[in-house]
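Topology and contacts: notes
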Number of protein chains: 2
Amino acid sequence: MPDLDLHAPVEELARLLIDIPSVSGGEHAIADAVERALTALPHLTVTRDGDAIIARTETGAPERVIIAGHLDTVPIKGNVPAQWRDDGATLWGRGSVDMKGGLAVMLSLAASLERPMRDVTWVLYDHEEVEESKNGLGRLSRRHAELLTADFAVLCEPTSAAIEGGCNGTLRADVTLPGIAAHSARAWKGANAIHRAAPLLTALAAYEPASVDVDGLTYREGLNAVGIRGGIAGNVIPDACTVTVNYRFAPDKTLAQAQAHVEAVIASAGLGEWDLEWTDLAAACRPGLDAPLAMSFADAVAAAGGGAPRAKEGWTDVARFGDLGIPAVNYGPGDPELAHADEEWCPVTDIQACRAGLKAWLSP
Amino acid sequence: MPDLDLHAPVEELARLLIDIPSVSGGEHAIADAVERALTALPHLTVTRDGDAIIARTETGAPERVIIAGHLDTVPIKGNVPAQWRDDGATLWGRGSVDMKGGLAVMLSLAASLERPMRDVTWVLYDHEEVEESKNGLGRLSRRHAELLTADFAVLCEPTSAAIEGGCNGTLRADVTLPGIAAHSARAWKGANAIHRAAPLLTALAAYEPASVDVDGLTYREGLNAVGIRGGIAGNVIPDACTVTVNYRFAPDKTLAQAQAHVEAVIASAGLGEWDLEWTDLAAACRPGLDAPLAMSFADAVAAAGGGAPRAKEGWTDVARFGDLGIPAVNYGPGDPELAHADEEWCPVTDIQACRAGLKAWLSP
């Protein structure tokens, strides 16, 4: 494995990173290359944990920011090595969007910003594209919380080089209505659990989701049945019906408040007996864009052509910073709709714009 | 295979029939034995079709009745050969209830009633316990309709030796509500198909099933969701939700009328767009118990200790006689709840009572 030249043009660095395969669980080689390159820089203090790397400047500046990205990709589908397309205007290949373009921006700036005006903690981690329990950023927050203190965080997930602030939280609950089985020729001997779900579906259909302003951004919520199942045979009155409810909630609410809201909506439906099991619980994250530090970032990004900040509707790892009390935004090159696509490609201008935006914000 | 002695005591004949295994598809041996025994009786005209046998008296009496039963059983579970239990008061084994007790009654009477006061068409058929397309009675009605003309029919399915008249019809429909898929973080871009099922479930929950008097018996109807499914992933707004509806309808309705009723109930729910697919359509059968012929049968059964006739709630092959315009009842030895049970057993008194009831009705 050749050394990574962090002083190469940022788009060339992105190409080099794509050509080091790093499907989740196979991040060892790319982590080695990154560690070697960052350790060679005397202005950084480097810590490695598994296949995650934390590199910190320690200038003593009054503010510290985290800039983070994951090293892994979803599986390769004939899209490695990378290819230049459109006369070099487009970089094609697995991870060009999610998120080796963002990693290139980080590594390029980590090398060139020897004395940033804000101290920076660069975080490159493993296992983002797989089950939550393996997530490298989660592991770092448990093992090295002292290295993850900061006033603000930027996660370089693809946003087409715009700021997408914070994220909605998401939770799922299985709501089960009990019934009494019986042969359907003698239905009066049973109690139909599917019929008992009617008031819950009616309540969900009538529910009007809120739009919530948080730190200057507007988050749209949603409360939906995303699954329903009931019945075991065509001649049996069903003894159970389970509705899977998904709540996407704005970062003005804690997870506990969101759970209480869902329980209140269900309780108000008048279901009689019901059982609830939480199957997914992920907190929201505030964007923190009303703080001076964040406003200066928005200004720098706007100056780099990035447009006005918007709310992030989906859930991303910024919520892990929210858990640590750190407001956070998403900001990275590439169209998020192309993440995980076989035809994954990123405009070189996006990569350059993100480097310019972050550089303007961090330079003295 | 020894010859069947049709002049043996009826319960002994039942035991002999149990000991000839005849799981669906394996009725050849029992059909051979039955054909041989019936062909030996000069007062019967015997026709064989596959493993089904039709044996007719031809006395020229003004009325003709069909008495029918199936030769096959569900799979054997260590319950063949038969066993006498309770000092001979109980016959235990596969088919003792469903329905070699009934077959023994039929064969015993077919042999002894040389000149019944009503002409009798004895029908013993194959493939009742498997998919509808293989049903031997259905095949006979297609190939030998001329041999299945009659004024009344008795099907010797287990009823604990009581008359269970006719049967409810049953139909199933898959009602599908369409939606528009979207990521659940951006639910406003989709249309939730599960939510759209709410008015249908509300209508089904509110539906009050009728009790319908037909020919002197009361049939309880039922309209139920017996299945529901929707949703493909925990983060996707579902683009389809399918509710399986089962309608059990009284024999005052034709199948077409029952279908129209279900469509009317669904239409009245106000669902907007919906799609309907019929997955099961089985007509009802009138009991015909208001006719003199049937009333005389009820009297004979009551005299044999069988109690008052009642409606048959479930669907049985009597409906095939309904299709042919022949009113029909179920009447046979054994508790129907024990049909298909590993512990299948029949009181000898039931077998004897059914023989006595039919004999009293048919004897000059």
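Please read all numbers here as calculations on a predicted model, not as lab measurements.

Here we take up the pairing of strand β2 (residues 52-56) of chain B. In the case of a regular strand, side chains alternate between the two sheet surfaces. Residues and elements named next belong to chain B. Burial within β2 is extensive, with 5 of its 5 residues counted as buried. The alternating pattern of β2 places Ala-52, Ile-54 and Arg-56 on one face and Ile-53 and Ala-55 on the opposite face, and all of these are buried. Sheet analysis places strand β1 (residues 45-49) next to β2, joined by 5 bridges and oriented antiparallel. Bridged to Asp-49 within β2 is Ala-52. Hairpin connection of β1 to β2: 2 residues between the antiparallel strands, including Gly-50 at a positive phi of 60°. As defined by bridge partners, β2 adjoins strand β6 (residues 119-125) across 4 bridges and the pair is classed as antiparallel. Residue Ala-55 lies in a different strand from β6, and its bridge partner there is Trp-122.

This part is about the UniProt feature "domain: Peptidase M20 dimerisation" (unreviewed entry) in chain A. Following the UniProt record, the feature "domain: Peptidase M20 dimerisation" (unreviewed entry) maps to residues 169-269 of chain A here. For residues 169-269 of chain A, the helix share is 27%, the strand share is 41%, and the end-to-end C-alpha distance is 23 Å.

As a further point, take the nonpolar core. For soluble globular proteins, the rule of thumb is that nonpolar side chains tend to be buried together. Ranked by internal contacts, the top residues of the largest apolar core, which has 66 residues, are B:Leu38 and B:Trp122. Ranked by residues supplied to this core, first place goes to helix α3 (residues 100-112) of chain B with 8 residues. Counting residues domain by domain, this core receives three or more from each of domain 1 (10-166 + 285-362) and domain 2 (169-282) of chain B. Here B:Leu38 is in contact with B:Leu6, B:Leu44, B:Val46, B:Ile53, B:Ala55, B:Leu107, B:Ala110 and B:Leu124, once residues within four sequence places are set aside. Grouped together as the second largest cluster of nonpolar side chains are 65 residues, A:Ala55, A:Val301, A:Tyr331 and A:Cys346 included.

For the rest of this paragraph, the subject is the environment of A:Leu200. All names here are of chain A. For Leu-200, the position within the fold is in helix α6 (residues 198-206). For Leu-200, a relative accessible area of 0% gives the class buried. A C-alpha to C-alpha distance of 9.2 Å links Leu-200 and Val-175, two positions 25 residues apart in sequence.

Residue and element names in this part refer to chain A. One pass over the structure, following the stated rule, counts 48 salt bridges over all chains. Two residues, Arg-64 and Asp-119, come together in a salt bridge whose shortest N-O distance is 3.8 Å. Taken together, the residues span a long stretch of sequence, with Arg-64 in strand β3 (residues 64-70) and Asp-119 in strand β6 (residues 119-125) at a distance of 55 residues. You'll find Arg-64 and Asp-119 in the same group, each marked buried. A salt bridge links Glu-164 to Arg-310, with the nearest nitrogen and oxygen atoms 2.7 Å apart. A residue pair is termed long-range when its members are at least 10 positions apart, and Glu-164 in strand β8 (residues 164-165) and Arg-310 in strand β17 (residues 310-311) qualify at 146 residues. In this structure, a network of salt bridges that share partners links the residues Asp-32, Glu-35, Arg-48 and Asp-51.

The subject of this paragraph is the interface of chain B and chain A. Where interface size is given, it is often the accessible area lost as the parts come together that is meant. Counting residues at the interface gives 40 residues for chain B and 40 residues for chain A. The interface formed by chain B and chain A includes 0 salt bridges. Linking chain B with chain A are 14 residue pairs in polar contact (both at pLDDT 80 or more). For the side of chain B that touches chain A, the element with the most residues is strand β13 (residues 222-230) of chain B, which contributes 8 residues.

On to unusual backbone geometry, then. Residue A:Met99 follows A:Asp98 across a cis peptide bond; omega there is -5°. The residue A:Ser160 is not glycine, and still its phi comes out positive at about 55°.

With that settled, the discussion passes to the relation of the copies chain B and chain A. Mapping chain B onto chain A leaves a residual RMSD of 0.1 Å; the transformation is a rotation of 180° accompanied by 0.0 Å of translation along its axis. The superposition operator between the copies reduces to a two-fold rotation axis. For chain B, the minimum C-alpha distance to the rotation axis belongs to B:Arg229 and amounts to 2.3 Å. A shared interface surface links the copies, since 100% of the contact residues of chain B are contact residues in chain A too.

Our next topic: the packing of aromatic side chains. Residue and element names in this part refer to chain B. Inspection of every chain in the model, using the stated rule, returns 10 aromatic pairs over all chains. Seen in terms of ring centroids, Phe-152 and Phe-297 are 6.3 Å apart; in terms of plane orientation they differ by 65°. Their pairing is edge-to-face. Of the two residues, Phe-152 sits in strand β7 (residues 152-155) while Phe-297 sits in helix α8 (residues 292-303), which places them 145 residues apart along the sequence. You can call Phe-152 buried: its relative accessible area is 1%.

Residues and elements named next belong to chain B. Spatially, the 3 strands line up as an open sheet ordered β4-β5-β19, and their pairing is antiparallel. On the outer flanks of this sheet lie β4 (83-85) and β19 (345-347), each paired with one strand and no other. Averaged over all neighbouring strand pairs, the angle between strand axes comes to 25°, with direction disregarded. With 3 bridges joining them, strand β5 (residues 90-92) and β19 adopt antiparallel strand pairing. Bridging across to β19, Leu-91 finds its partner in Cys-346. Most of the contacts of helix α1 (residues 10-18) go to β5, to which it runs at about 10°, and overall it touches β4 and β5. This element, helix α10 (residues 348-362), spans β4, β5 and β19 of the sheet and lies at about 60° to β19.

Residues and elements named next belong to chain A. Structurally, chain A comprises domain 1 (10-166 + 285-362) and domain 2 (169-282). A separation of 37 Å is found between the C-alpha centroids of domain 1 and domain 2. Both faces combined, the contact of domain 1 with domain 2 buries some 1000 Å², and carbon together with sulfur accounts for 56% of it. Contact with domain 2 buries area across many residues of domain 1, yet Arg-286, Glu-313 and Trp-315 alone supply 47% of it, more than any other trio. The interface formed by domain 1 and domain 2 holds 3 residue pairs in polar contact (both at pLDDT 80 or more) in total.

Once that is clear, we can look at the packing of helix α8 (residues 292-303) of chain A against helix α10 (residues 348-362) of chain A. The description of two helices packed together rests on the angle between their axes and the distance between the axes. All names here are of chain A. Two numbers describe how α8 lies on α10: the axes approach to 8 Å, and their chain directions differ by 135°. With respect to each other, α8 and α10 are oriented oblique. Crossing geometry of α8 relative to α10 is assigned as right-handed. Facing Leu-293, Ser-296, Phe-297 and Ala-300 of α8, the residues of α10 in contact are Gly-357, Leu-358, Ala-360 and Trp-361. For the contact of α8 with α10, the class distribution of residues is 6 nonpolar, 2 polar and no charged.

Relative to the helices and strands, B:Asn224 resides in strand β13. On the basis of relative accessibility, which here comes to 8%, the residue B:Asn224 falls in the buried class. A polar contact of 2.8 Å, which involves the side chain of B:Asn224, links it to the side chain of A:Asn192. In contact with B:Asn224, other than residues within four places in its own chain, are A:Ala187, A:Asn192, A:His195, A:Ile237, B:Thr244, B:Val245 and B:Asn246.

Here the focus is the environment of A:Leu289. Residue and element names in this part refer to chain A. Here Leu-289 shows up in the loop between β16 (275-282) and α8. Under the relative-accessibility criterion, Leu-289 is labelled buried at 9%. Between the alpha carbons of Leu-289 and Ala-61 there is a distance of 21 Å; along the sequence they are 228 residues apart. Once residues within four sequence positions are removed from consideration, Leu-289 is found in contact with Phe-152, Ile-163, Asp-215, Leu-217, Ala-294, Met-295, Pro-309 and Val-329.

Conventions used here
- Residues numbered from 1 in each chain as written.
- Chains lettered and ligands numbered in written order.
- Predicted model: local features only at pLDDT ≥ 70, side-chain atom pairs only at ≥ 80, totals over all residues.
- Heavy atoms only, no water.
- Buried < 20%, exposed > 50% of the residue type's maximum accessible area, 1.4 Å probe, protein only.
- Helix = DSSP H or I, 4+ residues; strand = E, 2+ residues; numbered from the N terminus.
- Pairing = 2+ DSSP bridges.
- UniProt positions renumbered as here; feature names shortened; annotations may be inferred.
- Core = buried A, V, L, I, M, F, W, Y, C linked by side-chain atoms within 4.5 Å.
- Domains from an automatic or database assignment.
- Contact = heavy atoms within 4.5 Å.
- Salt bridge = Lys/Arg side-chain N within 4 Å of Asp/Glu carboxyl O.
- Polar contact = N/O pair within 3.5 Å; in protein donor to acceptor, adjacent residues only side chain to side chain.
- Least-squares fit on C-alpha atoms with pLDDT ≥ 70 in both.
- Phe/Tyr/Trp six-rings, centres within 6.5 Å; stacked < 30°, edge-to-face > 60°.
- Axes fitted to C-alpha atoms, helices over the stretch in contact; angles between N-to-C directions.
- Buried area = accessible area lost by both parts, 1.4 Å probe.
- Parallel < 35°, antiparallel > 145°, perpendicular 65-115°, else oblique.
- Left-handed = near helix turned anticlockwise from the far one by under 90°.
- Nonpolar A, V, L, I, M, F, W, Y, C, P; charged D, E, K, R; others polar.

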